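So you can see what is in the structure, the chains are spelled out below.
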Amino acid sequence: MTTCLSDLMRPDVVRDTQKLLEQAGFNPLIPTSQTCCGQPALNSGRREDAKRLAQKLATEFSGCDKVVAPSGSCVGAICTHITKLFAKDEPGAQLCMELADKTMELSQFLLEVEFAPQLHPQPKLIAYHDSCAGLRELGIRDGPRKLLIAAGHELVDMQDAEICCGFGGTFAVKFGAASGQMADAKCACAMASKADVLAMGDIGCLLNIEGRMRRKGSAMPVMHYAQLLIAPY
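Not measured: the values here are computed from a predicted model.

Looking at the overall build of the chain
Inference 1: The secondary structure content of the chain amounts to 12 helices and 6 strands.
Inference 2: For 233 residues, the compact-globule estimate of 2.2 N^0.38 gives 17 Å, and the chain sits close to it at 17 Å.
Inference 3: Considered along the principal axes of its C-alpha atoms, the chain spans approximately 55 × 45 × 25 Å.
Inference 4: Counting all 233 residues of the chain, 51% fall into the buried class.
Inference 5: The average position of the 24 basic charges and that of the 26 acidic charges among the side chains of the chain differ by 6 Å.

Pasting the structure below:
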């Protein structure tokens, strides 16, 4: 599952996710008709739209054994929230439940299949930001770090790594001033870490932090961890 933001804003993350799955011995299928998982509609209170989009996605991936996405927020929405919108016997409920049961965030899947990444030819000192959805909805914390270390990178502790960056989907639009202050604090922690790269596992956070970094005049690379498991940037 490419996810909307990766597909539109960071197609290199989709490409590197595909490469990682191929290196792990799989032949990933990317349905070209896939669109949104329904998370933005869900977060905006548009429950019927969220259900409709989730059913569409579930139908498109109905023939797959596993659905893997480089996004904790999309996977979190599918696995922990959208299925709760359906009554037990409502049309589409079973299909969306089946989707939730087989959907995994990229690092979860790579660790499940015991994937060993290749050593990176240009190892970096990395600070890691824990995106809210991945951490709080899926319990993802150590997995991406283990993969990065296995690829030869070194991780440095960053202050407030588990604190929100201020994106939160429409939160950044509805509460711009608060969001900006949160992003400023995250950028300050990243720059204070003296790391070569700030890594994370969610494109929403990546775009938010990177945009703030550039406005503050910092050239610190902000990357999805998948990009650091594949090739030099």
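A closer look at the packing of aromatic side chains
Inference 1: Within the structure shown, the criterion is met by 2 aromatic pairs.
Inference 2: Here F171 and F175 contribute two aromatic rings whose centre-to-centre distance is 5.3 Å and whose plane-to-plane angle is 35 degrees, an arrangement assigned as tilted.
Inference 3: Of the residues examined, F171 reaches a relative accessible area of 27% and is grouped as partly exposed.
Inference 4: Across the ring face of F86, the terminal group of K51 is positioned such that the distance to the ring centre comes to 5.2 Å.

Focus on the state of the cysteines
Inference 1: Within the structure shown, the criterion is met by 0 disulfides.
Inference 2: C4 forms no disulfide, and the closest cysteine sulfur to it belongs to C36, at a distance of 4.1 Å.
Inference 3: Unpaired in terms of disulfides, C205 finds its nearest cysteine sulfur in C165, a separation of 3.9 Å.

Observations regarding the pairing of strand β3 (residues 125-128)
Inference 1: Examined bridge by bridge, β3 and strand β4 (residues 154-156) share 3 bridges and lie parallel to one another. Looking across to β4, one finds that A127 is bridged to V156.
Inference 2: The sheet contact formed by β3 and strand β5 (residues 197-200) spans 3 bridges and is parallel. Across the sheet, the residue bridging to A127 is L198, located in β5.

Reading the values: the criteria
Residues numbered from 1 in each chain as written. Predicted model: local features only at pLDDT ≥ 70, side-chain atom pairs only at ≥ 80, totals over all residues. Heavy atoms only, no water. Helix = DSSP H or I, 4+ residues; strand = E, 2+ residues; numbered from the N terminus. Rg over C-alpha atoms; globule rule 2.2 N^0.38 Å. Buried < 20%, exposed > 50% of the residue type's maximum accessible area, 1.4 Å probe, protein only. Lys, Arg positive; Asp, Glu negative; His and termini not counted. Charge placed at Lys NZ, Arg CZ, Asp CG, Glu CD. Phe/Tyr/Trp six-rings, centres within 6.5 Å; stacked < 30°, edge-to-face > 60°. Lys NZ or Arg CZ within 6 Å of the ring centre and 35° of its normal. Disulfide = S-S within 2.5 Å. Pairing = 2+ DSSP bridges.

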